[in-house]
Amino acid sequence: MERILQTLDAQWLEVAGSPAAQQAVRRWAGDHPLLDRFADLHEVVACRRDPETVHDVLLVLARFAPTDDLAARTVLQMLLPGIVRLVGTVGHGDPDAQDELVAIAFERIRTYPTTRNGSVAANVVLDVRKRYLQLRRTDNVVPMASIAETADERVGPEDHVLGVLLIEEIADAQRDGMMSGPVLDAIMRTRLGGERLRDVASEQGIEPELLCLRRWRAERRLRSLALAG
């Protein structure tokens, strides 16, 4: 049986080329000028590789998603790389992980709060991860809800990857003693939450230069772990 992620990619070609899709793109552009730049759904999804526009586009589509099936399906398609990552990090050993993670993601997208700010990608992926682990009754749930609530939709691409795609490595690194709690706090608050490094350093009672060095060392170790994995 073809796996659901492959099925979704195959179905998307048909969905994106349909007359309904063309009508939806025009309708969205009429409701929000940010989407006026896109000729079709292929271009909408392709913008997920553009850090200058992807966060704002996802935020608009997420606000349409509770009442617009195609908007919800488009958001899901844009978030598939993050779901693939979750399958590998939290779904290993579970033959139903793909189906369950996709189902949870789509449900979260359809119920996404229209007033919620921050990165849609980070919020949804972290919410899905948390919900999946709760359903599996695992003892290894890492409390990341506060990160999802404060994620900044305008973080750069490197920061976004650090925050979403390496979330498992960050949790493992802290558990393994590779970074202290204050350094983890600094990474999350400055990279995801958008807080200024100097403000976090002042709260911790150290010089910004020292905290910057500690953060750089910790992130270098995280990147080494990611490359090794």
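Residues numbered from 1 in each chain as written. Predicted model: local features only at pLDDT ≥ 70, side-chain atom pairs only at ≥ 80, totals over all residues. Heavy atoms only, no water.

A separate point is the pattern of salt bridges. Scanning the entire structure with this criterion turns up five salt bridges. Between R110 and D69 there is a salt bridge; the shortest N-O distance is 2.6 Å. Here R110, found in helix α6 (residues 97-110), pairs with D69, found in helix α5 (residues 69-89); they are 41 residues apart in sequence, far enough to count as distant. Between D127 and R108 there is a salt bridge, with its nearest N and O atoms 2.9 Å apart. You can see D127 sitting in helix α7 (residues 120-135) and its partner R108 sitting in helix α6, a full 19 residues away along the chain. On the accessibility criterion, D127 (18% relative accessible area) is buried. Through salt bridges with shared partners, a single network forms among R108, R116 and D127. (Salt bridge = Lys/Arg side-chain N within 4 Å of Asp/Glu carboxyl O. Helix = DSSP H or I, 4+ residues; strand = E, 2+ residues; numbered from the N terminus. Buried < 20%, exposed > 50% of the residue type's maximum accessible area, 1.4 Å probe, protein only.)

One finds W28, L41 and L61 to be the most contacted residues of the largest nonpolar core, which totals 50 residues. Those elements that provide at least two residues to this core are α1 (4-16), α2 (19-31), α3 (41-46), α4 (54-64), α5, α6 and α7. The greatest single-element share of this core, amounting to eleven residues, is contributed by α5. Sequence-distant contacts of W28, defined by excluding residues within four places in its chain, comprise L35, L41, L61, F64, D68, L70, A71 and T74. (Core = buried A, V, L, I, M, F, W, Y, C linked by side-chain atoms within 4.5 Å. Contact = heavy atoms within 4.5 Å.)

Time to look at α2. An α-helix turns once every 3.6 residues. As a result, residues three or four positions apart point the same way. In this model α2 runs 19 Å from its N-terminal to its C-terminal C-alpha over 13 residues, within 8% of the 18 Å that 1.5 Å per residue would give. For α2, every residue scored as buried is listed here: A21, A24, V25, W28 and A29. Projected down its long axis, α2 carries its buried residues within an arc of 135°, all on one side. Residues of α2 that are exposed and point over 90 degrees away from its buried face: P19, R26, G30 and D31. (Expected span 1.5 Å × (residues − 1). Arc of directions from axis to C-beta.)

For the pair α5 and α7, interaxial distance at closest approach is 10 Å and the crossing angle is 30°. Regarding the angle of α5 to α7, the classification is roughly parallel. Handedness of the crossing formed by α5 with α7: right-handed. Facing α5, whose interface residues are L79, G82 and L86, α7 presents A121, V124, V125, V128 and R129. Broken down by class, the residue content of the contact of α5 with α7 amounts to six nonpolar, one polar and one charged. (Axes fitted to C-alpha atoms, helices over the stretch in contact; angles between N-to-C directions. Parallel < 35°, antiparallel > 145°, perpendicular 65-115°, else oblique. Left-handed = near helix turned anticlockwise from the far one by under 90°. Nonpolar A, V, L, I, M, F, W, Y, C, P; charged D, E, K, R; others polar.)

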